[in-house]
Amino acid sequence: MGRRRFLQLGSLAAAAPLILPARLRGAAAPSNLIHVAIIGTGNIAEGHLKTLLGYPERVRIVAVCDVDRERRDRAAALVDAAYGSQGCASVNDFREVTRRADVDAVWICTPDHWHALIGLDAVRHGKDAYVEKPLTFTIEEGRALVAATREHGRVVQHGTQHRSMKRFFDAAGYVRSGGLGKLERIEVSIPPNNRFIGSSWTPEPVPATLDWDLWLGPTPWRPYHSAGCHYNFRFISDCANGQVANWGAHYLDIGQWALDADGGGPIAVEGHGHFPTSGLFTCATHVDFTCHYANGIPMSCRTRQEGGGTVRFIGERGWIDIARNAMSASSPDLLREMQRPGKSVTLARSDNHHENFLDCIRSRAKPIADVEIGHRTTTVCNLGQIAMTLGRKLRWDPVTESFPDDPVANRLRGRAARSPWSLV
Amino acid sequence: MVGAEAGPNVDPWSQIVRLEHGGDGSFAAIIREQVGRTPVAGLAKLETQLLRALADPAVTEAGRGFLCSQLALVGSAAAVPALGRLLAVESSADDARVALERIPGPEADAALIAGLSSLSGRRRIGLVGSIGARRSPSARETLSRLAADVGEHAEIRAIATRALALLRPASTGPAA
């Protein structure tokens, strides 16, 4: 993005009108539809977009935004075809949608390094936000997003949709109710990173359809390479934390839920990882860390070469292993018990992550994966990343969100953004 | 952890100044590991090595960025003068700011504020963001001036206004 363009948008920000969301216009308003903009229209956004198009009586997608013109135009065409109109805006810069008075909520589906800044800009401009996981790239970003969400009275749903799936609801409630007897440990498994293009790479020309400067945003500048952009960003440590923050965010989230740690977290973390020493993809190819909680229960996160993600709860009565598409147990009886209603601990329930968010936009209640919950789960991912980076056991204070005795670890809680971006 | 390219007799500190985007990153990996694994008592020596490499006239743009990213983790007041000089130059300002924003203490506060006299455009906006991110009470006067100055870019005034609301009370010490 050129400086002139940035300055134009800055002036636009200063002149932004008072925003009155659709839900505040009253029943007599011309439209009670929730007006949505999709920011980031790649891989994960396509699923969200198609899901939202399935709620024509509740949602109207009014804009799509992507720094890749081909992608955003394709998404806009999909929306227009579904609505039989030409009304979906297709824009390059997220600030063009966060400043639109007719946008009520945004879906943030960009690479991880953008989640916090776009989320902050959205809530500051009166938008509710669905933020794909991980909530943010760093711990400090997450805390800033929680604070701004509360300050501006917005609803922010974290994209950990396992919270809205019955089997995970059942599992977390079962464990919390003592179904496994005394809980001994939690083991999260995640798939490996599988990207490699060699120990060196040659920069490529930026495609004419891509705004590379805006794609990089707050992350340190580097030249373009086609293998280091869409989707693969998650294996580049300047942009993401690998599979820890990808699949790990889903399953560590259920562990946090089962541990009743949604407002807190572990008190120590240790681990080690195998990090590529050269090449484009720098996130850990093998992950192994363990978080220790105040109740004495450890939750580990490890790479496994075969199979996808899973969370296993191990207690004195046996174990249950829950994945998105499968579940198993040391005894079939445990799974039968787990799925029965009437547990002693009743958790908040959602059967549909999108509908839960849409309901909360109307009710102003906190969604099932509220921003604080998302921040705490993402923090677990970050703690694992930091412990693996430093290779030593770290004490963590979940109240102050700091490492009590490790100044280097504390500096890894955040990072300075490339100009002109900042968390403030 | 050490890359195959880095032979046992090659000094990574002599190679790091030649780091290029897309090139052999194994020397950076060695230094990154040293930064991560060095006990607190050894950080000052490590900082000296980082600063010595940073001062090498042959240091590449990628090398400078990498060295500053490591100073962000272990830099102290001793690193501030060199970083302050880099901050004043547009082409190196972002690299310097990456380090200065994370270095605790009044020296880094002052260096960032001093940088305002040198930078304009997007780098000035980023600099104000860094000053605000530190939440240092010593920046109150500067941020107040920026917030009220109609000659400043609207984004700078907005950042300064938000930063003022985030300032730590004057009685508290620097951020860890």
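Residues numbered from 1 in each chain as written. Chains lettered and ligands numbered in written order. Predicted model: local features only at pLDDT ≥ 70, side-chain atom pairs only at ≥ 80, totals over all residues. Heavy atoms only, no water.

(A) Fine view of the sheet that holds strand 5 (residues 128-131) of chain A. Residue and element names in this part refer to chain A. If you walk across this open sheet you meet the six strands as 3-2-1-4-5-6, and the pairing is parallel. Strands with a single pairing partner mark the edges of an open sheet, and in this sheet they are strand 3 (89-91) and strand 6 (156-158). Taken pair by pair, the neighbouring strands of this sheet meet at an average axis angle of 20°, ignoring direction. Pairing of strand 1 (residues 34-39) with strand 4 (residues 105-108), which is carried by four bridges, proceeds in the parallel orientation. Among the inter-strand pairings, I38 is bridged to a residue of strand 4, identified as W107. Its contacts with the sheet put helix 3 (residues 69-83) on strand 2 (59-65) and strand 3, and the angle it makes with strand 2 is roughly 160°. (Pairing = 2+ DSSP bridges. Helix = DSSP H or I, 4+ residues; strand = E, 2+ residues; numbered from the N terminus. Axes fitted to C-alpha atoms, helices over the stretch in contact; angles between N-to-C directions. Contact = heavy atoms within 4.5 Å.)

(B) Quick peek at the confidence of the model for chain A. Residues and elements named next belong to chain A. Per-residue pLDDT for chain A has a mean of 92; in total, 92% of the residues score no lower than 70. Here residues 1-20 scores under 50 on pLDDT; set against residues more than four positions off or in separate chains, the count is 34 contacts. Here residues 22-30 is a poorly scored stretch, pLDDT under 50, and it has 16 contacts once near neighbours within four places are set aside; other chains count. (pLDDT = per-residue confidence, 0-100.)

(C) Structural detail: the pairing of strand 2 of chain A. All names here are of chain A. Strand 2 sits mainly inside the fold: six of its seven residues count as buried. Direction of pairing for strand 1 relative to strand 2: parallel, over a ladder of six bridges. Looking at the pairing, I34 lines up with V59 of strand 2. In this fold, strand 1 hands off to helix 2 (residues 43-53), which returns the chain to strand 2; that crossover is right-handed. When strand 2 meets strand 3, the two strands line up parallel, connected through three bridges. Counted as the bridge partner of C65 is V91 from strand 3. Running through helix 3, the crossover from strand 2 to the neighbouring parallel element strand 3 is right-handed. (Buried < 20%, exposed > 50% of the residue type's maximum accessible area, 1.4 Å probe, protein only. Right-handed = clockwise from strand over helix to strand, strands pointing away.)

(D) Geometry of the sheet that holds strand 12 (residues 318-322) of chain A. Residues and elements named next belong to chain A. Strand order in this open sheet of eight strands is 13-12-11-7-10-9-8-14, and the pairing throughout is mixed. Taken across any chain shown, the strands that pair with only one partner, and hence form the sheet edges, are strand 13 (327-329) and strand 14 (394-395). Relative to strand 9 (residues 286-292), strand 8 (residues 268-274) runs antiparallel, the two being bridged by seven bridges. Residue pairing in the sheet places A268 in a bridge with H292 of strand 9. Contacting strand 7 (183-190), strand 9, strand 10 (298-303), strand 11 (310-315) and strand 12, helix 9 (residues 242-258) crosses the sheet at an angle of about 160° to strand 7. Most of the contacts of helix 12 (residues 371-390) go to strand 8, to which it runs at about 60°, and overall it touches strand 8, strand 9, strand 10 and strand 14.

(E) A look at the nonpolar core. One finds F289(A), V311(A), F313(A), I320(A), I16(B) and L83(B) to be the most contacted residues of the largest nonpolar core, which totals 103 residues. With eight residues, helix 4 (residues 61-74) of chain B is the largest single contributor of residues to this core. Among all residues touching V311(A), those that are not within four sequence positions of it are F168(A), I186(A), E187(A), V188(A), Y251(A), I254(A), I320(A), D321(A) and I322(A). Formed by 44 residues, the second largest nonpolar core is a distinct cluster that contains V131(A), A148(A), L214(A) and W421(A). (Core = buried A, V, L, I, M, F, W, Y, C linked by side-chain atoms within 4.5 Å.)

(F) Focus on the interface of chain A and chain B. Contact residues are listed per partner, giving 40 residues for chain A and 45 residues for chain B. Per-residue buried area on chain A facing chain B is highest for T277(A), R411(A) and V424(A); these three make up 25% of the total on that side. In this assembly, chain A and chain B are joined by two salt bridges. A salt bridge links D213(A) to R122(B); its shortest N-O distance comes to 3.2 Å. If you look at where chain A meets chain B, you find 15 residue pairs in polar contact (both at pLDDT 80 or more). Within the residue set of the side of chain A that touches chain B, elements represented by two or more residues are helix 1 (3-14), helix 12 and helix 13 (407-411) of chain A. The element contributing the most residues to the side of chain A that touches chain B is helix 1 of chain A, with five residues. (Buried area = accessible area lost by both parts, 1.4 Å probe. Salt bridge = Lys/Arg side-chain N within 4 Å of Asp/Glu carboxyl O. Polar contact = N/O pair within 3.5 Å; in protein donor to acceptor, adjacent residues only side chain to side chain.)

(G) Molecular detail of the pattern of salt bridges. With the rule as written, the count across this model stands at 35 salt bridges over all chains. When the shortest N-O distance is used, the salt bridge between R364(A) and D128(A) registers 2.7 Å. Of the two residues, R364(A) sits in the loop between helix 11 (353-363) and helix 12 while D128(A) sits in strand 5, which places them 236 residues apart along the sequence. By relative accessible area, which is 0% here, D128(A) ends up buried. The salt bridge partner of R64(B) is D95(B), with a shortest N-O separation of 2.8 Å. Here R64(B), found in helix 4, pairs with D95(B), found in helix 6 (residues 90-100); they are 31 residues apart in sequence, far enough to count as distant. D95(B) matches R64(B) in its accessibility class, with the two residues each being buried. Bridged by salt links that share partners, the residues R143(A), E372(A), R376(A) and E401(A) form one connected network.

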